[in-house]
Amino acid sequence: MCAPSPEERGGGPPPGYNRVMKIVSIGGGPAGLYFAALMKTADPRHDVTVLERNRPDDTFGFGVVFSDATLEEFAAADRPTHEAITRSFAHWDDIDIHYQDQVISSTGHGFSGLSRQVLLDILQRRCAELGVTLRFSTEASDLAPYLEADLVLAADGVNSLIRSRYAERFGPVVDWRPNKFVWLGTTCPFPAFTFIFKEDVHGLWRVHAYRYMEGASTFIVETTEQTWHRAGLGSASEDDTLTFCEELFAKELEGHRLQKNRSLWRSFPTVRNARWHWKNVVLVGDAAHTAHFSIGSGTKLAMEDAIALGQALGRHPRVEDALAAYEMARRPQVEAIQRAAQASLEWFEDTERYHGRLEPQQFAFSLLTRSLRVTHENLRVRDPRFVASIDRWFAERAATQAGVAETSATGAAETSAAALPPMFTPFRLRGLLLANRVVVSPMCQYSAEDGTPEDWHLVHLGSRALGGAGLVITEMTDVSREGRISPGCAGMYKPEHVVAWRRIVDFVHRWSGAAIGMQLAHAGRKGATKLFWEGHDRPLAEGGWPVISASALPYFPDSPVPKEMDRGDMDTVLGDFVRAARMANQAGFDMLELHCAHGYLLASFLSSLTNRRTDAYGGSLAHRMHYPIEVFDAVRAAWPPDKPLSVRISATDWADGGTTPAEAVEFARALRGHGCDVVDVSSGNTVPDDRPRYGRLYQTPFSDRIRHEVGMPTMTVGAIASPADVNGILAAGRADLCVLARAHLYDPYWTRHAAWAQGVELPWPDQYLPVRGFTPRDR
């Protein structure tokens, strides 16, 4: 229990009041020790005890890594600890990547390595001089004796006994990843943070290595479980592992030996908890969360936890309030890092996807930006020479792919001028040449009259075409009146529609350099609903129409039950798509896209969540994709052979039992075999209770996977907001085109503004020529 405060005794706390606390830390690793030191620094009257199961000189692993930014946080939190760390670390700016007998280097990254034992010694000495009680070789398997303290810190690591004992309170989830890794040391003094990718007869091996003190480096070896088994390491002793790795990496070790320290092969656990605190107990560090070693150090996260927790306790007199505030403030930061770590660990799990397929420059860029937090612009600031070489490499290959001469940022033929940023390079799809890689996403406007686009659509699409995008795509345009989402949705099923759309297409072609595509769809069971702003996906109270789907499953419980399509319905809808495709060609569209995503009609066949059929169109994925492929083939046959045809897909339903990324790869492979030119990779919206993991570029990894495993062009969409995002996605080979929705709603001239910021000059319509040379004051 908490000791009674002055307020609890009556009278209220004086200004600046800080309660004297009794604190027990279960765990004497960096998190527990650092927190103890910070609390004693804040108020020497605090009674702080640290219990550690190991001896003071026991440590596992070799070195830890801190970024320059993290060291600045340490300096602000406790200057003596920071000074002791900086006196002992090894600092480097460079990253070396060993790939295909080359070493690609990038500078400006700013990291420091430190011996884990030295760090523990520094923190133990700091605690001792501040008066913290340190009790080593003490097992605290039972929390009960310590609950009388004001605060109990569960800093007992990834295998936390406290977390396990009170699992129902914290709600832990542990995701054991498939790759195998082993933590080794070496006397080889690597001059930079070093990644090594090396193949042998068993498969591909990855090494993460860094120097942490003079003559000592960490050397982490990682590989897939399949390669690990093929190498016979499943029953290997530590010495067997040393022998194997020394022989495999003899060239890179340059005669130096490897070292062991409980160096057992293991799998990485990603730890998450639904709650970090309960009563006066709080989880910190690896007990609360883990982040893969490929993006840095768990020690960094643990020590940052200690700083944040100490700050929360300083601001809130009541422990319960402080713990709630700590978790509220710290959790979003940690979850952002865990999302980055997830992207990074998946890159290393799937390195075979890139190894040997990507040229060295692109492989290096993909590696450096793998977490999706480091962007093209971040790297340009850190290492302008490296990014300039990437831009030139990309521009050369883009010009070859498009069949055009390479140009510079100013539009002149390329000589020695700076290459165009990746987003402003051309891209060819069949006979269609796009001026750049920016796409205006299909965005429903709910402003049509019986499917007929109005002036709103002309201004909406026309302004974004003038805004500089290479391709604008109409909103989801329905192939029949019954195929609409709502009464306000656009269509292509009446002769008047051709005339109305032709007006918009002609404007785009006459006044801009953009191409324009039409997205064709049928709403299926998600039809007959209200306008978006009246109730998204909610059924019409009156004036609705019958809906159809792969199976008779309503979207919401109170949505209309759709009719399960029979062969006659399939033929009718297929004919509607063919008619709409021919009408789109009459209207002059440059490209078509079929909507096979987001739970609409064609997508309802693809997902097991919406397809419960027992005939030839249900069951296995091969059967479920049968009807969408039928429609695709019919549309491809009706659409001119020189014009491209795209398909939007949901790469995952974000729901148990639904479409998986692996199934999306197989569907994309089938589409490619039937003549699809590019896949527009989205996700979700199949069922109302899906659980997407939102974040920056959160759908881009699905595009990346399809592009490399299927070997076809992709478009990526989802939380892409900045030119740095677009350039990074393209340069790393994660997609060929970037589709932006909300960014274009907010700023129709998004692409022009991005060009201005990067020194690229886009052509203006004659009416706007006076704007050339204009510099906005807010820039």
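Structural data are supplied above this passage.
Here we summarise the structure given alongside this text. What you are looking at is a predicted structure, and each value in this text was computed from that prediction instead of being measured. (Residues numbered from 1 in each chain as written. Predicted model: local features only at pLDDT ≥ 70, side-chain atom pairs only at ≥ 80, totals over all residues. Heavy atoms only, no water.)

Okay, the overall build of the protein chain next. In terms of regular secondary structure, the protein chain is built from 26 helices and 30 strands. Over its C-alpha trace the protein chain gives a radius of gyration of 30 Å, about what one expects of a compact globule, namely 28 Å for 779 residues. Principal axes of the C-alpha set define a box for the protein chain whose edges measure 85 × 65 × 60 Å. Of all 779 residues assigned to the protein chain, the portion counted as buried reaches 60%. Within the protein chain, residue pairs in contact and separated by at least 24 positions form 72% of the contacts whose partners lie at least 6 positions apart. (Helix = DSSP H or I, 4+ residues; strand = E, 2+ residues; numbered from the N terminus. Rg over C-alpha atoms; globule rule 2.2 N^0.38 Å. Buried < 20%, exposed > 50% of the residue type's maximum accessible area, 1.4 Å probe, protein only. Contact = heavy atoms within 4.5 Å.)

On to helix H9 (residues 238–248). All buried positions along H9 are accounted for by Thr241, Leu242, Phe244, Cys245, Glu246 and Leu248. In this fold, the buried residues of H9 make contact with strand S11 (180–186), strand S12 (193–199), strand S13 (204–213), strand S14 (216–223), helix H10 (250–253) and strand S15 (258–259).

Before going further, it helps to spend a moment on the pattern of salt bridges. The final tally for this structure, using the stated rule, is 47 salt bridges. Asp78 is the salt-bridge partner of Arg126, the closest N and O atoms lying 2.8 Å from each other. Pair noted here: Arg126 is in helix H5 (residues 116–130) and Asp78 is in the loop between helix H3 (68–77) and helix H4 (79–88), with a separation of 48 residues, a long-range link. A relative accessible area of 12% means that Arg126 is categorised as buried. Note on Asp78: relative accessible area 3%, which makes it buried. With a shortest N-O distance of 3.1 Å, Lys198 and Glu252 are connected by a salt bridge. (Salt bridge = Lys/Arg side-chain N within 4 Å of Asp/Glu carboxyl O.)

With that settled, consider a negative patch on the surface. Together, Asp68, Glu72, Glu73, Asp93 and Asp94 give the surface a local cluster of negative charge. Take Asp94: it is sitting in the loop between strand S4 (90–92) and strand S5 (95–99). (Patch = residues over 30% accessible without salt bridge, like charges linked within 9 Å, V, L, I, M, F, W, Y side chains within 5 Å. Areas by Shrake-Rupley, 256 points an atom, 1.4 Å probe, with all protein chains shown as cover. Lys, Arg positive; Asp, Glu negative; His and termini not counted. Charge placed at Lys NZ, Arg CZ, Asp CG, Glu CD.)

The seven strands lie next to each other as S6-S5-S12-S13-S14-S11-S15, forming an open sheet whose pairing is mixed. Two strands lie at the open edges of the sheet, namely strand S6 (102–106) and S15, each paired on one side alone. Note that S11 and S14 share seven bridges and pair antiparallel. Each bridged residue has a counterpart across the sheet, and for Trp183 the counterpart in S14 is Ile220. (Pairing = 2+ DSSP bridges.)

Okay, the sheet that holds strand S7 (residues 111–115) next. The three strands lie next to each other as S3-S7-S4, forming an open sheet whose pairing is antiparallel. At either end of the open sheet lies a strand with only one pairing partner, and these are strand S3 (63–67) and S4. Along the sheet, successive strands turn relative to each other by an average axial angle of 25°, direction set aside. Here three bridges tie S4 to S7, and the two strands are oriented antiparallel to one another. For His91, the partnering residue across the bridge sits in S7 and is Ser112. Against the sheet, H5 contacts S3 and S7, and its axis sits at roughly 80° relative to S7. (Axes fitted to C-alpha atoms, helices over the stretch in contact; angles between N-to-C directions.)

What follows covers the packing of H3 against helix H11 (residues 298–315). Two numbers describe how H3 lies on H11: the axes approach to 11 Å, and their chain directions differ by 30°. Here H3 and H11 pass one another in a crossing that is left-handed. Of the residues in H11, those in contact with Thr70, Glu73, Phe74 and Ala77 of H3 are Lys300, Met303, Glu304 and Ile307. Here the residues of the contact of H3 with H11 sort into four nonpolar, one polar and three charged. (Left-handed = near helix turned anticlockwise from the far one by under 90°. Nonpolar A, V, L, I, M, F, W, Y, C, P; charged D, E, K, R; others polar.)

The next thing to look at is the packing of helix H21 (residues 626–638) against helix H22 (residues 661–673). Viewed as axis vectors pointing N to C, H21 and H22 meet at an angle of 30°, and their least axial separation amounts to 11 Å. Relative to H22, the element H21 is oriented roughly parallel. With respect to the hand of their crossing, H21 and H22 are arranged in right-handed fashion. Contacts from Pro628, Ile629 and Phe632 in H21 reach Phe667, Ala670 and Leu671 in H22. Looking at side-chain class alone, the contact of H21 with H22 contains six nonpolar, no polar and no charged residues. (Parallel < 35°, antiparallel > 145°, perpendicular 65-115°, else oblique.)

Attention now goes to the pairing of strand S29 (residues 714–717). Residues in a regular strand project their side chains so that they alternate between the two faces of the sheet. Neither face of S29 is open: one carries Thr714 and Thr716, the other Met715 and Val717, and all of them are buried. Taken together, the three bridges between strand S28 (residues 678–682) and S29 define a ladder with parallel strand orientation. By the bridge assignment, Asp680 is partnered in S29 with Met715. After leaving S28, the chain enters helix H23 (residues 700–710) and then returns to the sheet as S29, a path that is right-handed. For the handedness criterion, the β-α-β arrangement of S29, helix H24 (residues 723–731) and strand S30 (residues 737–740) is classed as right-handed. (Right-handed = clockwise from strand over helix to strand, strands pointing away.)

Here H3 has its buried residues at Thr70, Leu71, Phe74 and Ala75. In a view along the axis of H3, the buried residues occupy a sector of 150°, so they form one face of it. Facing away from the buried side of H3 by over 90 degrees, the exposed positions are Glu72 and Ala76. Looking at the packing, one finds that the buried side of H3 touches helix H2 (30–42), S3, H4, S7 and H11. (Arc of directions from axis to C-beta.)

The next point concerns the pairing of strand S9 (residues 151–154). By the alternation rule, side chains of S9 split into Leu151 and Leu153 and Val152 and Ala154, which are all buried. Bridging between strand S1 (residues 22–26) and S9 involves four bridges; their strand directions are parallel. Bridged to Ser25 within S9 is Leu153. Sheet analysis places S9 next to strand S18 (residues 281–283), joined by three bridges and oriented parallel. Within S18, the position partnered with Leu153 by the bridge is Val282.

Counting through the fold element by element, Glu304 comes out in helix H11. Taking the C-alpha atoms as reference, Glu304 lies 13 Å from Ala288; in sequence the two are 16 residues apart. If we skip the residues at most four places from it in the chain, Glu304 touches Thr70, Glu73 and Arg330. Here the side chain of Glu304 touches Thr70 through a polar contact of 3.4 Å, side chain to side chain. Of note is the side chain of Glu304, whose polar atom sits 3.4 Å from the side chain of Arg330. (Polar contact = N/O pair within 3.5 Å; in protein donor to acceptor, adjacent residues only side chain to side chain.)

It is worth spelling out unusual backbone geometry at this point. Negative phi characterises most residues that are not glycine, and trans characterises most peptide bonds. With a phi angle near 50°, Arg262 is a residue other than glycine that sits in the positive phi range. Assessed through its relative accessible area of 51%, Arg262 is described here as exposed. Residues other than glycine seldom take positive phi values, yet Tyr446 does so here, at roughly 50°. The exposure class assigned to Tyr446 is buried, which follows from its relative accessible area of 10%.

Keep in mind that these numbers describe shape and distance, not what the molecule does.
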